[in-house]
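Coordinate analysis (summary)
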Amino acid sequence: MADIKKLAEEIVGLTLLEASELKKILKDEYGIEPAAGGAVMVAGPAAADAPAAEEKDEFDVILVDAGEKKINVIKEVRAITGLGLKEAKDLVEAGGKAVKEAASKAEAEEIKKKLEEAGAKVELK
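In this text, all values refer to a predicted model and were calculated from it rather than measured experimentally.

The rules we used
- Residues numbered from 1 in each chain as written.
- Predicted model: local features only at pLDDT ≥ 70, side-chain atom pairs only at ≥ 80, totals over all residues.
- Heavy atoms only, no water.
- Helix = DSSP H or I, 4+ residues; strand = E, 2+ residues; numbered from the N terminus.
- Buried < 20%, exposed > 50% of the residue type's maximum accessible area, 1.4 Å probe, protein only.
- Contact = heavy atoms within 4.5 Å.
- pLDDT = per-residue confidence, 0-100.
- UniProt positions renumbered as here; feature names shortened; annotations may be inferred.
- Core = buried A, V, L, I, M, F, W, Y, C linked by side-chain atoms within 4.5 Å.
- Salt bridge = Lys/Arg side-chain N within 4 Å of Asp/Glu carboxyl O.

1. Side note on the overall build of the chain
Secondary structure summary: the chain contains six helices and three strands in total. In sequence order, the chain lays out its α and β elements as α-α-α-β-α-α-β-α-β. Taken across its 125 residues, the chain has 18% of its residues classed as buried. In the chain, once contacts between residues fewer than 6 apart in sequence are set aside, the share between residues at least 24 apart is 70%.

Here it is, written out as structure tokens:
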């Protein structure tokens, strides 16, 4: 049997592009379609028992607007995500897309700072 922990670590370490390719393979070759709220459904019962005032420890870094210096923002997005030039450009031009999902608070703040220094408008959710 495969080393499940090692497999989980590899999946968690995927870039956005690699995760997208994995999703496509699972759908096309195996007929597995991830549910839109899959992670929420798994964490649902545990989250219901948690106190409402609990501090959030995972953040999504959302690129709201590339601003005036779009090329600098594309460079930063490539450095952060590991995406190719076309994929990073598409992400930046689309706006309102997540650059990084489920990042720790410190990592999310660092990414936000880098993108804002490059000229982008960013928000954490």
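On we go from here.
2. Considerations on the confidence of the model for the chain
In the predicted model, the chain carries a mean pLDDT of 78, and 81% of its residues have values of at least 70. Counting interchain partners and residues more than four positions distant, the pLDDT-below-50 stretch residues 36-53 has zero contacts.

3. Structural notes on the UniProt feature "coiled-coil region" (unreviewed entry) in the chain
According to UniProt, the positions carrying the feature "coiled-coil region" (unreviewed entry) are residues 98-125. Annotation note: span residues 98-125, helix share 46%, strand share 36%, distance between end C-alpha atoms 10 Å.

4. Points about the nonpolar core
Core analysis: the biggest nonpolar cluster contains 19 residues, and Leu63, Val73, Val77, Val92 and Leu115 have the highest contact counts within it. Only strand E1 (59-65), helix H4 (70-81), helix H5 (85-94), strand E2 (97-103) and helix H6 (105-117) provide two or more residues apiece to this core. Excluding its chain neighbours within four sequence positions, the residues that come into contact with Leu63 are Val73, Leu91, Val92, Gly95, Gly96, Lys97, Val99, Ala120, Lys121 and Val122.

5. Some thoughts on the pattern of salt bridges
Tallying each qualifying case throughout the model produces seven salt bridges. Of the charged contacts, one joins Asp28 and Lys24 as a salt bridge, the two residues approaching to 3.4 Å between their closest N and O atoms. Linking Asp28 with Lys24, this pair stays in helix H2 (residues 16-30), spanning four residues, or about one helical turn. Accessibility classification places Asp28 together with Lys24 in one group, the exposed group. Lys100 is paired through a salt bridge with Glu107; the nearest N and O atoms lie 3.5 Å apart. The class for Glu107 is partly exposed, based on a relative accessible area of 32%. Linked through salt bridges whose partners overlap, the residues forming this network are Lys70, Lys89 and Glu93.

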